[in-house]
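Below, each chain spelled out in residue letters.
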Amino acid sequence: QQQQQQQQIQNPPSQHLTQTPQGLQHQVPVQPPQHPQLQQHQLFGHDPSAEIPEEYFLLGCIFAIADYPEQMSDKQLLATWKRIIQTHGGTVDPMLTSRCTHLLCESQLSNMYAQALREKKRCVTAHWLNSVLKKKKMVPPHRALHFPVAFPPGGKPCSQHIISVTGFVDSDRDDLKLMAYLAGAKYTGYLCRSNTVLICKEPTGLKYEKAKEWRIPCVNAQWLCDILLGNFEALRQMQHNRYTVFSLQEPLAPNQHLVLNLLDAWRVPLKVSSDLLMGVRLPLKPKQNESVIQPSTKRPRFEDLPTPTKKLTPESTPVVLFTGFEPTQVHQYIKVQFFFYLNTRKDSVVTSVYK
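Residues numbered from 1 in each chain as written. Predicted model: local features only at pLDDT ≥ 70, side-chain atom pairs only at ≥ 80, totals over all residues. Heavy atoms only, no water.

## A look at the overall build of the chain
(1) Moving on: Each helix and strand counted, the chain has 11 helices and 10 strands in total.
(2) Moving on: Looking at the chain residue by residue over its 355 residues, the buried ones come to 44%.
(3) Moving on: For the chain, restricting intrachain contacts to residue pairs at least 6 apart in sequence, the fraction spanning at least 24 positions comes to 75%.
(4) Moving on: In the form shown here, the chain has an accessible surface area of approximately 20400 Å², with 52% of it arising from carbon and sulfur atoms. (Helix = DSSP H or I, 4+ residues; strand = E, 2+ residues; numbered from the N terminus. Buried < 20%, exposed > 50% of the residue type's maximum accessible area, 1.4 Å probe, protein only. Contact = heavy atoms within 4.5 Å. Areas by Shrake-Rupley, 256 points an atom, 1.4 Å probe, with all protein chains shown as cover.)

This is how it looks when you write it as C-alpha cells:
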C-alpha cells in the first residue's frame, strides 16, 4: 500500500479526458519566445464612448457560426447558444455575410474562417462567449481558449501525451483540462510514472518533486497554449527556457505572436448605432390605467415549502441524484425542487435519490 501511495499522488477526483490519437495535418514553424500577456489597451470591444446596457452587452454583435454545428450531437445546444446571444442583444446569421461582426468557430482550418480573417471579422470560440457571459461585457479575447485552434478537429497534436497539472485551481484548472482534451491528450488528476508531462504554475509541491524524481518533464502552461495555437515545435522543445519559466502573471494568456492576425479585428472598436441603443434604453411603458406589478422579492424558506404529495407516473417523473449531502440537506433540497416544479408543471413531483 505504501508503494502504491508513492506511485500515485492523488488530487481531488477529476474526470479523465481522453481522445483517440490521430495524425497532424497542419504545421507551423517554431516562433521566437514572446511575452505572453496581451496588450489590452490596444484592443477594443465596443466603442468606449458608447454606454452599452449591461444586460445587452452583445448589442451590435452579429454572429456567424462555423465548425460547431458539425461537431454537436445535441442540436438543441446550438439553439440555446443562439437564444442566449439574442437575449443579450446580439444576432445570429445563418451564413457569414458582410454585416457579420463575429465568427464563432473551433478551428482555424475552414473556408469560413479564412473568409472571416480576410474580412477582419472577430474570430472567437464558444469559450470566449462563455467568458463574456460571465463578465457581462464584450471584451477582447485574452486566453488561449478564446482563439480557434490551429489544427482541424481530426488532428490532435498531443495524442501521445498523458498530462497532469499542479498549482492551478478553479477556472484555471478547468481550462487546462479542456485544453488537454482539445489537444488530444489524456488528462489525469493524479501523477504517476506513466505521465509524460506535468504542467506547473510554480516549481514547488509534491507532484513537482516526484516529477523531477521520475524524470517527467515539467513545463508552464504556455507550452500547451502554444501547441493549441499552432507552434507544434513546442512538442519537441519541453526544455526550452520559454516553457521552464514559472510564476507567470497570466499563465493561460496566448503568445501574442501566434494570434496577431486574429487580434487585428479587435484594434477597431465596435460601433453601435444610436437607433439600436435607443431601442434597448426605452422600456415598454404600461398602458393608461394599467398598474405595474412588481415581482415579489421575498424568497420562501425551506421550512415554509410544502411537503411533496402528488406523484407522476414513474416514466414521467424527473430523477435527481444527490451525492455528498447529509440526509437532512437532501430533504430540504427535495422541497426546493418540488416548489420549483409546482410553479412550472401541474401536479408534478421530483423523485430524488442520494448516496
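## Concerning the pattern of salt bridges
(1) Moving on: Enumeration over the complete set of coordinates arrives at 10 salt bridges.
(2) Moving on: Linking Asp264 and Arg267 is a salt bridge whose minimum nitrogen-to-oxygen distance equals 3.7 Å.
(3) Moving on: Owing to a relative accessible area of 27%, Arg267 belongs among the partly exposed residues under this scheme. (Salt bridge = Lys/Arg side-chain N within 4 Å of Asp/Glu carboxyl O.)

## Looking at the nonpolar core
(1) Moving on: In terms of nonpolar packing, the biggest core is built from 68 residues, with Ile163, Leu176, Met179, Ile199, Trp223 and Leu224 touching the most fellow members.
(2) Moving on: Considering each element in turn, this core owes the most residues, five residues, to helix 8 (residues 222–228).
(3) Moving on: The contact partners of Leu176, leaving out residues within four places of it in the chain, are Val165, Phe168, Ile199, Ala221, Leu224 and Leu252.
(4) Moving on: Cys200, Ala211, Cys218 and Phe246 belong to the second-largest nonpolar core, a separate cluster that totals nine residues. (Core = buried A, V, L, I, M, F, W, Y, C linked by side-chain atoms within 4.5 Å.)

## Side note on the sheet that holds strand 2 (residues 91–92)
(1) Moving on: Across the sheet, which stays open at both edges, the four strands sit in the order 2-1-3-4 with parallel pairing between neighbours. Single-partner strands in this sheet number two, and they are strand 2 and strand 4 (122–124).
(2) Moving on: Sheet analysis places strand 1 (residues 62–65) next to strand 2, joined by two bridges and oriented parallel. What sits directly across from Ile62, in strand 2, is Thr91. (Pairing = 2+ DSSP bridges.)

## What about the packing of aromatic side chains?
(1) Moving on: Tallying each qualifying case throughout the model produces four aromatic pairs.
(2) Moving on: For the ring pair Phe63 and Trp128, a centre distance of 6.4 Å and an interplane angle of 45° mean the geometry is tilted. With Phe63 in strand 1 and Trp128 in helix 5 (residues 126–135), this residue pair connects regions lying 65 residues apart in the sequence. The pair Phe63 / Trp128 is uniform in exposure class, with both members buried.
(3) Moving on: The structure contains a cluster of three or more aromatic residues connected by ring pairs, namely Phe63, Trp128 and Trp266.
(4) Moving on: If you follow Arg122 out to its NZ or CZ, it ends over the ring of Trp266, 5.6 Å from the centre. (Phe/Tyr/Trp six-rings, centres within 6.5 Å; stacked < 30°, edge-to-face > 60°. Lys NZ or Arg CZ within 6 Å of the ring centre and 35° of its normal.)

## Here we look at the side chain of Arg242
(1) Moving on: Tracing the backbone shows Arg242 in the loop between helix 8 and helix 9 (260–263).
(2) Moving on: Among the polar contacts made by the side chain of Arg242, one reaches the side chain of Gln222 at a distance of 2.8 Å. (Polar contact = N/O pair within 3.5 Å; in protein donor to acceptor, adjacent residues only side chain to side chain.)

## Here we look at the side chain of Gln108
(1) Moving on: Mapping Gln108 onto the fold places it in the loop between strand 3 (102–104) and helix 4 (111–118).
(2) Moving on: The class of Gln108 is buried, set by a relative accessible area of 16%.
(3) Moving on: Side-chain polar atoms of Gln108 contact the backbone oxygen of Pro148, separated by 2.9 Å.
(4) Moving on: In this structure, Gln108 is in contact with Tyr113, Pro148, Val149, Ala150, Leu229 and Leu262, ignoring residues within four places of it in sequence.

## A closer look at the pairing of strand 1
(1) Moving on: Of the two faces of strand 1, both are covered, the one formed by Ile62 and Ala64 as well as the one formed by Phe63 and Ile65.
(2) Moving on: As judged from the three bridges shared by strand 1 and strand 3, these two strands associate in the parallel manner. For Ala64, the partnering residue across the bridge sits in strand 3 and is Leu103.

## Examining the sheet that holds strand 5 (residues 162–166)
(1) Moving on: Across the sheet, which stays open at both edges, the four strands sit in the order 6-5-7-8 with parallel pairing between neighbours. Whereas interior strands pair on both sides, the edge strands pair on one side only; in this sheet they are strand 6 (186–187) and strand 8 (218–219).
(2) Moving on: Direction of pairing for strand 5 relative to strand 6: parallel, over a ladder of two bridges. Considered in strand 6, the bridge of Ile163 is made with Tyr187.
(3) Moving on: Sitting on the sheet, helix 7 (residues 206–213) touches strand 5, strand 7 (197–200) and strand 8, and the angle it makes with strand 7 is about 145°. (Axes fitted to C-alpha atoms, helices over the stretch in contact; angles between N-to-C directions.)

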